[in-house]
Amino acid sequence: MIEFPNFSRSYDRTRRAVRFWGYDSAMEASFFIDEGALRRIQPDARPDESGFLTAFDTNRDRICAAAARLYVRGSRGSYDLVAANF
C-alpha cells in the first residue's frame, strides 16, 4: 500500500506540474499532477507556481487518494495525474 507521509512538493516548470512522492515500504515513487488537473480541482487557482502549489496543498488529500488509485506496486518510477483522474 502506498502512503504519502512526506509533505514535500515542488513545482516542475519543464513538466508544468507539481511533483510529490509516495512510499510503498522502502520503495519511493514520484508523482506529478499537471496544471490541467490542478485547475480542474481548484478552478480559481492562480496560474503561476505559487498558485499551483497552494492548490496542491489545499487539495492534498484528494490528490493523494487519486495517486493511490493510479499506483501499481513496482510497475514504474513515476506516475502522472491529469484532469481525467479527477
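This text goes with the structure placed above it.
Let me sum up the structure you'll find in this document. (Residues numbered from 1 in each chain as written. Predicted model: local features only at pLDDT ≥ 70, side-chain atom pairs only at ≥ 80, totals over all residues. Heavy atoms only, no water.)

Before going further, it helps to examine the overall build of the protein. Assigned secondary structure in the protein consists of 3 helices and 4 strands. The helix and strand sequence of the protein, counted from the amino end, reads β-β-β-α-α-α-β. Taking 2.2 N^0.38 as the reference for a compact globule, 86 residues should give roughly 12 Å; the C-alpha atoms of the protein span a radius of gyration of 12 Å, in line with that estimate. By its C-alpha atoms, the protein is 35 × 20 × 20 Å across when sized along the principal axes. Here the protein holds 86 residues, and 41% of them are scored as buried. (Helix = DSSP H or I, 4+ residues; strand = E, 2+ residues; numbered from the N terminus. Rg over C-alpha atoms; globule rule 2.2 N^0.38 Å. Buried < 20%, exposed > 50% of the residue type's maximum accessible area, 1.4 Å probe, protein only.)

Glancing now at the packing of aromatic side chains. For the structure shown, the criterion picks out 7 aromatic pairs. Between Phe20 and Phe31, the aromatic rings sit 5.4 Å apart at their centres with planes inclined by 20°, giving stacked as the arrangement. Note that Phe20 is positioned in strand β2 (residues 17-24) and Phe31 in strand β3 (residues 27-34), a separation of 11 residues in sequence. Overall, the relative accessible area of 0% leaves Phe20 in the buried class. Geometrically, the ring pair formed by Phe31 and Tyr79 is stacked, given 5.1 Å between the ring centres and 20° between the ring planes. Remark: Tyr79 occurs in strand β4 (residues 78-81) and Phe31 occurs in strand β3; sequence separation between them is 48 residues. Assigned by exposure class, Phe31 and Tyr79 land together as buried. Grouped by ring-pair contacts, the aromatic residues Phe4, Phe20, Phe31, Phe56, Tyr71 and Tyr79 constitute a single cluster. It is Arg15 that lies over the ring of Phe32; its NZ or CZ is 3.6 Å from the centre. (Phe/Tyr/Trp six-rings, centres within 6.5 Å; stacked < 30°, edge-to-face > 60°. Lys NZ or Arg CZ within 6 Å of the ring centre and 35° of its normal.)

This part is about helix α3 (residues 60-70). For α3, the full list of buried residues reads Arg60, Ile63, Cys64, Ala66 and Ala67. Taken end-on, α3 shows its buried residues confined to a sector of 160°, consistent with a single buried face. Exposed positions of α3 whose direction lies more than 90 degrees from the buried face are Asp61 and Arg69. Of the surrounding secondary structure, the elements contacted by the buried residues of α3 are β2, β3, α1 (35-41), α2 (49-58) and β4. (Arc of directions from axis to C-beta. Contact = heavy atoms within 4.5 Å.)

Purely geometric stuff here, so don't read any function into it on its own.
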